[in-house]
Amino acid sequence: MGRLDLLSGNRAVAYGAKLSRVQVVSAYPITPQTPIVEYLADFIARGELDAEYIHPEGEHSAIAAAVAAAVAGARAFTATCSQGLGYGFEVIAQAPAYRAPLVMAVANRTLGWYWSVAADYSDSMTTRDLGWIQLYVESCQECLDGVIQLYKIIEDERVLLPGMICLDGFHLSHSSEPVDIPDQREVDDYLPPRKLYRHTTDPTESEGYVFPVIPTRLHTTYRRLFEGVMQRAKEVIREATREFSERFGRGAYGLLEEYRTDGAEALLVTMGSMSTAARRAVDRLRNRGVRVGLLRVRFFRPFPSEELTKIVEKGGIRAVGIVDRAVSHGTSMGPLGTEVASVLYAMKDRPNIVNFIAGMGGDDVSVSDFEGMVSKLMNTLNKDGVRETVFIEHRVPLAKPSVTFKDVTYCPGSQLCSGCGAALAVRHVLRILGKNSVIVFPPNCVSAAVAMHFPSNWVGVPCVLANYAAAAAYARGLQRAYKYRGKKVYVTVIAGDGCTADIGLQSLSSAAECGEPIIWINYDNEAYMNTGIQRSGTTPAKAWTTTTPVGPRWRGKKELPKDMVSVMIAHKVPYIATASPAFLRDFEVKLRKAMEVVEKGEGLAYIHVQTPCPTGWRFHESKTVEVARLAVLTGMWPLIEVDHGVFRLTVKLPKLRPVAEYIRLQGRFRHLSDEDVAEIQELTNKNWKKLLDLDGKPLW
Amino acid sequence: MEAKEDYPEILTIPVKEIGSEPVAHWRVMKPVIKYDLCRKCWVCVHFCPEGVISESEEGPVIDYRFCKGCGVCANECPAKAIEMVREV
Ligand SMILES: Cc1ncc(C[n+]2csc(CCOP(=O)(O)OP(=O)(O)O)c2C)c(N)n1
Ligand code: SF4
């Protein structure tokens, strides 16, 4: 027997993965998915799960590493959503050809165009035609069960495909319900260990491998063969979910779920978490004598056409209302609507069809919304051949901010944390840059705070929201356009360390090498803070983060931080500097030099400012400047510049303060022993000596 | 019935006049300036993460509508002229 616990959808997915004994986890943080992989990191750190954990620099790599682990014979797991899914799209498209089973959890979130961190299916629906098995779940219990079911289905030799479990961001990922966590033994009985197949890429034992390139003339044939696999998978899904329900005593699982369809003349068709509200609406309406039922599509791919046809043909159903949390622009329908309509159109006396588009961007779809939809549906019963689409809207007024400021580059009132070091640095950057500038914002704490002020903003110059991996490219494009149009505008990227050192490095490197005259401010809070304190390339060694937790097996980050200043030196850009919000005059001089360099068109100027983060580093919010100052005075954050190749220490200290003074102020280093601190002291001393030797010397 | 279009098709964010909402309700502790101790070095003005302290003849003035109560000013003040007082 299992045990009952209160779990969020994300935690339930993590439990599902743990109980499935996943062997390789590879993922990149993104709201609202991140807690899944944080929980998995924690299981591993505690020694409760024996798995490899990969920390890649972005989703393109995160998903690729998970696909490759599956190709090499491991039970692999990854998770993402939204922009991350978009960034990994190429890999997602290629994965099915390897015929290697892999589970990817998608905590559904709008794929920007306009951004939102909450749920709709604009992300996972982009992958619906790629050949993944797609499961959309309704409850936290189903999050856990769904992962286990998916491994069972996709590892069946009749299937061998990647599978996606889609849970609505926030509505499921962040809401908790009592969940029955089965015993490991029970799960082991249901789900045998991952097998090696004839085509598993393993030079030590397999017979061959898959290299997904085939002659042009075979593509159509292989698409047909592949479609056969997808159709065959339906039987496997029916078997695997039936067996799951029997063994674990759950209600009926299957390709779709029926609710009070007996005697129904109208039918709602839904997916995901909104189905719970739809169910309540059906109950209420049935009590009032309205003959309505519900179909919840669990597996969108392969699509359960047979089940759907059978239920509608059972008789009596004269109107079907399909509720879509996605739109297929240019068709005036949603993807579920299109799918259901194409099945219904094949029937002799098709029922009326109304496609409702609802809950976009995470908007709540309430019980009364569903009642309204059913009433619209009932109104079609006296007509024939109805096919229409209705948007379920909840309008809010666009209000002007209550306090306004004229002709400023910055005003207070951001949603950045109290005592945020980045807030301090950024407001000075905006002051120094002045009105003739454009800020390129990749996603990070600061840009998320910008977006919270809609329709106004606390930044008084235009901001361009850049996709995370392409911030430098956005800046290049802007700068070239202003140059072409003869305008003098400072194009400045305000990026976090995650963008600079990890996901955005490739784009930055290219812009640096090509000599694009843009300013790059790397405000370094030494982790992914906006997504809730995950390790980045610049996180210091030994630091606790949620993806480098402290437990019997792990003790914070194992690796040394990436030295971004050296990376920029390797690019020989005209101006490179470090800065600190505790040394504002030094910071200002450096930013003005950077402005001069880009104004002359000499190339890229890189300023790396350390911005202590009370939330993520675990110190009191009043200590931000003190911590920043100690970082400099202990030699842990040396203030330097490389001005046209000449290296200079801009704040030279006669004597370094002990690093312990800096380290012991911060909770992220709480687990460090005196030996750990001594080790850091030695590294710092060595580094400081190296810097003293370099002082005043040309580097190229 | 068609809803009346009261939203612009292209949403633009103004730059000439910007604005925000007060965040005073975030505060647990409130910085209070003891003008008799203040040496007008303006350290608090520079280091306030929010930029809500300005200079005046008398000494620093805090715009309490936008002060989040972090206490950086009090921590940095070399004259100990800012006291954090519990507000809630
Ligand atoms: C392609 C892509 N992947 C992931 C995300 C999710 N995401 C938004 S902000 C963020 C972390 C930002 O970290 P950093 O760049 O260090 O800035 P900070 O928030 O720490 O200031 C992440 C991972 C995203 N928006 N786009
Ligand atoms: S998490 Fe850290 S960097 Fe982000 S707003 Fe809060 S204090 Fe600033």
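## Comments concerning the site of ligand 2
- Taken together, A:Leu416, A:Cys417, A:Cys420, A:Cys445, A:Asn525, A:Met529, A:Cys613, A:Pro614 and A:Thr615 make up the full set of residues near ligand 2.
- By residue class, the composition of the shell around ligand 2 is 7 nonpolar, 2 polar and no charged.

## So, unusual backbone geometry
Residues and elements named next belong to chain A.
- Omega for the peptide link from threonine 31 to proline 32 comes to 0°, which places this bond in the cis form.
- Here proline 32 shows up in the loop between strand 2 (24-26) and helix 2 (34-45).
- Of note, the bond from arginine 301 into proline 302 is cis; its omega dihedral lies within 30 degrees of zero at -10°.
- Mapping proline 302 onto the fold places it in the loop between strand 12 (299-301) and helix 10 (305-313).
- For arginine 99, which is not a glycine, the phi torsion comes out positive at approximately 50°.
- Of note in the backbone geometry, histidine 644 takes a positive phi value of approximately 50° without being a glycine.
- Structurally, the position occupied by histidine 644 is in the loop between strand 23 (640-643) and strand 24 (646-649).

## Brief notes about the sheet that holds strand 18 (residues 463-465) of chain A
All names here are of chain A.
- Read across the open sheet, the 8 strands follow the order 18-17-19-20-22-21-23-24; overall the sheet is mixed. Every interior strand has two partners, whereas the edge strands, strand 18 and strand 24, have only one. Ignoring which end each strand starts from, the neighbouring axes of this sheet average 20° apart.
- Sheet topology places strand 17 (residues 437-441) next to strand 19 (residues 490-496); 4 bridges connect them, and they run parallel. Residue pairing across strands places valine 440 opposite valine 493, the latter belonging to strand 19.
- Contacting strand 17, strand 19, strand 20 (519-524) and strand 22 (605-610), helix 13 (residues 421-433) crosses the sheet at an angle of about 175° to strand 19.

## Here's the deal with the interface of chain B and chain A
- At the junction of the two partners, chain B supplies 37 residues and chain A supplies 51 residues.
- Roughly 3,400 Å² is buried in total at the junction of chain B and chain A, and carbon and sulfur atoms are behind 52% of that figure.
- Run the count over chain B and chain A and you get 4 salt bridges.
- B:Asp6 is the salt-bridge partner of A:Arg395, the closest N and O atoms lying 2.6 Å from each other.
- At the surface where chain B touches chain A, the tally comes to 23 residue pairs in polar contact (both at pLDDT 80 or more).
- The set of elements that each furnish at least two residues to the side of chain B that touches chain A consists of strand 1 (17-20), helix 1 (43-47) and helix 2 (72-76) of chain B.
- Considering each element in turn, the side of chain B that touches chain A owes the most residues, 4 residues, to strand 1 of chain B.
- Residue composition of the side of chain B that touches chain A, grouped by class: 19 nonpolar, 7 polar and 11 charged.
- Across 4 bridges, strand 16 (residues 403-406) of chain A lies against strand 1 of chain B in antiparallel orientation.

Thresholds applied
Residues numbered from 1 in each chain as written. Chains lettered and ligands numbered in written order. Predicted model: local features only at pLDDT ≥ 70, side-chain atom pairs only at ≥ 80, totals over all residues. Heavy atoms only, no water. Near = heavy atom within 4 Å. Nonpolar A, V, L, I, M, F, W, Y, C, P; charged D, E, K, R; others polar. Helix = DSSP H or I, 4+ residues; strand = E, 2+ residues; numbered from the N terminus. Pairing = 2+ DSSP bridges. Axes fitted to C-alpha atoms, helices over the stretch in contact; angles between N-to-C directions. Contact = heavy atoms within 4.5 Å. Buried area = accessible area lost by both parts, 1.4 Å probe. Salt bridge = Lys/Arg side-chain N within 4 Å of Asp/Glu carboxyl O. Polar contact = N/O pair within 3.5 Å; in protein donor to acceptor, adjacent residues only side chain to side chain.

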